[in-house]
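# Chain and residue survey
What follows is each chain in one-letter form.
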Amino acid sequence: VALAMCERYAERLDSIVLLSSTTSADGVEKCDRRRREIELIKAGKKNMLARLVPHAGFAPQNVKRLKDYIEDIGELILMTEDEGVIAILGGMIERKDRGQMLAQSNIPHMFIFGRYDYYIPNDIAEEMITADPNARVVWLEESGHMGFYEEPEKCAEAILSIV
């Protein structure tokens, strides 16, 4: 959403922070995985996603410590209307690549990555960093995809530093 906003209304933005997100469109493999997740939801099996997906978002060393948060995320998935989850997944499938646009913009921007992110592996993050030398980069050394839960103080400090 932030990248689409930057593309259309850059003059309204002071800065952008991409937290555990990428500037690129999903590849074929990721889109296929999202389509399978949509099919599970349509088949009435959202509970499978609610049990499996939250764990993958956390660094292995944080799973036990943040067990309650992980369970809460599973509950949120179950409480969310199927159409809402399908719309989120569909939106990510349709997301276009905006890396070049952001790299060429004058908007101060920051990437925050988790060192143990299953969804955005380090090599993908490094490609993004190389493609956009103007981006400020923060690595959450003890986080997966859910740095705002795993290292909330460091995450908040990074975000506030760009404002």
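Just so we're clear, the structure is a prediction, and the values are computed from it rather than from any experiment. Every residue gets a number counted from 1 within its own chain, in the order that chain's sequence is written. In view of the model being predicted, local features appear only for residues whose pLDDT reaches at least 70, and side-chain atom pairs are presented and counted only at 80 or more, with totals across whole chains, interfaces and linings using the full set of residues. The side-chain figures draw on all heavy atoms in the structure; neither hydrogens nor water molecules are used.

## Let's talk about the overall build of the protein chain
For clarity, the threshold we go by: Secondary structure elements follow DSSP: runs of H or I of four or more residues count as helices, runs of E of two or more count as strands, with numbering from the N terminus. This radius of gyration counts C-alpha atoms alone. The globule rule is 2.2 Å times how many residues there are, raised to the power 0.38. Accessible area is worked out with a 1.4 Å probe on protein chains only. A residue is then buried under 20% of its type maximum, exposed over 50%, and partly exposed in between. Working rule for contacts: check all heavy atoms of both residues, and any pair within 4.5 Å makes them a contact. Per-residue accessibility takes into account occlusion by the displayed protein chains alone, with areas from the Shrake-Rupley method and a 1.4 Å probe.
Looking only at helices and strands, the protein chain has 9 helices and 3 strands in total. For the protein chain, the sequential pattern of α-helices and β-strands runs α-β-α-α-α-α-α-β-α-β-α-α. Taking 2.2 N^0.38 as the reference for a compact globule, 163 residues should give roughly 15 Å; the C-alpha atoms of the protein chain span a radius of gyration of 16 Å, in line with that estimate. When the backbone C-alpha atoms are referred to their principal axes, the protein chain occupies close to 45 × 35 × 30 Å. Burial status across the protein chain gives 39% buried among its 163 residues. Summarising the internal contacts of the protein chain: among those between residues at least 6 apart in sequence, 73% fall at separations of at least 24. Counting only carbon and sulfur atoms, one obtains 55% of the accessible surface of the protein chain, whose full area is about 9700 Å².

## Considerations on the packing of aromatic side chains
Any aromatic ring pair is given by two values, namely how distant the centres are and how the planes are angled relative to each other. To be explicit about the condition: Only centres within 6.5 Å qualify two rings of Phe, Tyr or Trp (six-membered ring in Trp) as a pair; their planes then separate them into stacked at under 30 degrees, edge-to-face at over 60, and tilted for everything else. In this scheme, Lys NZ or Arg CZ marks a charge over a ring once it lies within 6 Å of the ring centre and within 35 degrees of the ring normal.
With the rule as written, the count across this model stands at 6 aromatic pairs. Aromatic pair Y118 and Y119: ring centres 5.1 Å apart, planes at 80 degrees, arrangement edge-to-face. Of the aromatic side chains, those joined through ring pairs into one cluster are F58, Y69, F148 and Y149. Above the plane of the ring of W139 lies R115, whose end atom (NZ or CZ) is 3.8 Å from the centre.

## Looking at the sheet that holds strand β2 (residues 109–114)
This is how it is decided: Strand pairing requires that DSSP identify at least two bridges connecting the strands. Note on method: axes are straight lines fitted to C-alpha atoms, helices fitted across the in-contact stretch only, with angles between N-to-C directions ranging 0 to 180 degrees.
Spatial strand order, β1-β2-β3: 3 strands in an open sheet with parallel pairing. A single partner strand is all that each edge strand has here, and the edge strands are β1 (16–19) and β3 (136–140). Pairwise comparison of adjacent strand axes, ignoring direction, gives a mean angle of 15 degrees for this sheet. Along the sheet face, helix α9 (residues 152–162) touches β1, β2 and β3 and points at about 170 degrees away from the line of β2.

## Let's talk about the environment of E151
Note the following rule: For the purposes of these results, a polar contact is taken to be a pair of N or O atoms within 3.5 Å, where, inside protein, one atom must be able to donate a hydrogen and its partner to accept one; residues adjacent in sequence count only when each atom of the pair is a side-chain atom.
With respect to the helices, strands and loops of the structure, E151 is situated in the loop between α8 (147–150) and α9. Setting aside anything within four residues of it in sequence, one finds E151 in contact with L140, E141, E142 and S143. Here E141 takes part through its backbone nitrogen, which lies 3.3 Å from a polar atom of the side chain of E151.

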